[in-house]
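Chain and residue survey
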Amino acid sequence: MAKDIELSNSENKFILEALRQNFRLDGRSFDQFRDLNISFGKEYGDVTITMGKTKVHCRISCQIAQPYEDRPFEGLFLISTETSPMAGPQFENGNSTGEDEVLCARIIEKAVRRSSALDIEGLCIVAGSKCWAIRADVHFLDCDGGFIDASCIAVMTALLHFRKPDITVLGDRVTIHPADEREPVPLGILHIPICVTFSFFNPQGTEENIKGDSNAEIAIIDANLQEELLRDGTLTVTLNKNREVVQISKAGGLPMDALSLMENCHKAFAITEKLTAQILSCVKEDEIRRNKYAGLLSSENDREATV
């Protein structure tokens, strides 16, 4: 569970005054998302996402399991989140689960499974008996805010990158083929939901401003840790590049009218388009690199066999 973190009064006043004057400490504009860096591990489905100082690792794994009784034609998608002291001094041991972790896992689970981003029916092997269980293990490596957004990007990138073993089904018998025997099979990804989190501030904090003075409210995208500690409300919008709003999560805070919500959705869509293109490009580049490397190894083996 995350320990309480408090900024000094001087830091509070400085950050809020900077926001009033349309400045952020890292130099970004209010609507600017941090630069995204995507790196892949040796195995398929092993992805590390870096956004500023925030770093999240996701690893996808799979195994054959039994489907739920009320959903015999669907596979399983499971997500696990873990924090540790290496992510920041505000975290205790990684075995504990805080409210933030639970909220993060729920939002991503809704974005991936309930929106059918992952083809759950395509994971069915034998109806009511066997299916693929896809598990996403998310590890928070470094904390500087934006864990929900970074985690969603990490999970979707890892799902796109992952390959499950090919299988042969004869009746109720399932044979799993190793990678050197048959090429692994990609997952069915129908769309790519992206979470964009808005943070809201009411620097004045008076009742008049809270009730109706909308000019006093400040909204920023992708808050860092210091900004998260001072915000008065949050809004997480999940969209895909098809302009479909997958989910909206608002956990208390300042009130919001429909016009403001639509405006924020338009801002989130512009970010979603950019991030989706970057994710697809990185996955494609990694696949080309792996195929090229596999081709070189094959050529070396053929040469050795000839000699």
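Just above sits the structure.
Residues numbered from 1 in each chain as written. Predicted model: local features only at pLDDT ≥ 70, side-chain atom pairs only at ≥ 80, totals over all residues. Heavy atoms only, no water.

**Re the sheet that holds strand E12 (residues 218–221)**
How we decide: One requirement defines pairing of two strands: DSSP has to find at least two bridges between them. Here a helix means four or more residues in a row that DSSP labels H or I, a strand means two or more in a row labelled E, and each is numbered from the N terminus. Angles shown run from 0 to 180 degrees and are taken between the N-to-C directions of axes, each axis being a line fitted to C-alpha atoms and, for helices, limited to the stretch in contact. By definition, residues are in contact when any of their heavy atoms lie within 4.5 Å.
With antiparallel pairing, the four strands of this open sheet are ordered in space as E12-E11-E13-E14. The sheet is open, and its two borders are formed by E12 and strand E14 (245–249), each paired with just one other strand. For this sheet the average axis-to-axis angle between neighbouring strands, irrespective of direction, equals 20 degrees. Bridging between strand E11 (residues 194–201) and strand E13 (residues 233–239) involves seven bridges; their strand directions are antiparallel. Counterpart to Phe198 in the pairing with E13 is Leu235. Contacting E11 and E13, helix H3 (residues 147–161) runs over the sheet at an angle of about 175 degrees to E11.

**Looking at the pattern of salt bridges**
One side chain can pair with another of opposite charge once the charged atoms of both are near each other. Rule in force here: The term salt bridge refers to a pairing of a side-chain nitrogen on Lys or Arg with a carboxyl oxygen on Asp or Glu at a separation within 4 Å. Burial status follows relative accessibility: with a 1.4 Å probe on protein chains alone, a residue under 20% of its type maximum counts as buried, one over 50% as exposed, and anything between as partly exposed.
Taken as a whole, this structure holds 17 salt bridges when the rule is applied. Here Arg28 makes a salt bridge to Asp26, at a shortest N to O gap of 2.7 Å. Judged by relative accessible area, Asp26 falls into the partly exposed class, the value being 38%. Linking Arg113 and Glu109 is a salt bridge whose minimum nitrogen-to-oxygen distance equals 2.4 Å. Here Glu109 and Arg113 lie together in helix H2 (residues 99–114), a separation of four residues that amounts to about one turn. Looking at Arg113, the relative accessible area reads 23%, which means it is partly exposed. Among the ionic contacts, a cluster of salt bridges with common partners joins Asp26, Arg28, Arg34, Asp144 and Asp222.

**Looking at unusual backbone geometry**
Phi is positive for Ser116, which is not a glycine, with a value near 60 degrees. Within the secondary structure, Ser116 is located in the loop between H2 and strand E5 (124–126). Unusually for a residue other than glycine, Arg243 sits at a positive phi of about 65 degrees. Tracing the sequence through the fold places Arg243 in the loop between E13 and E14. What makes Arg243 exposed here is its relative accessible area of 55%.

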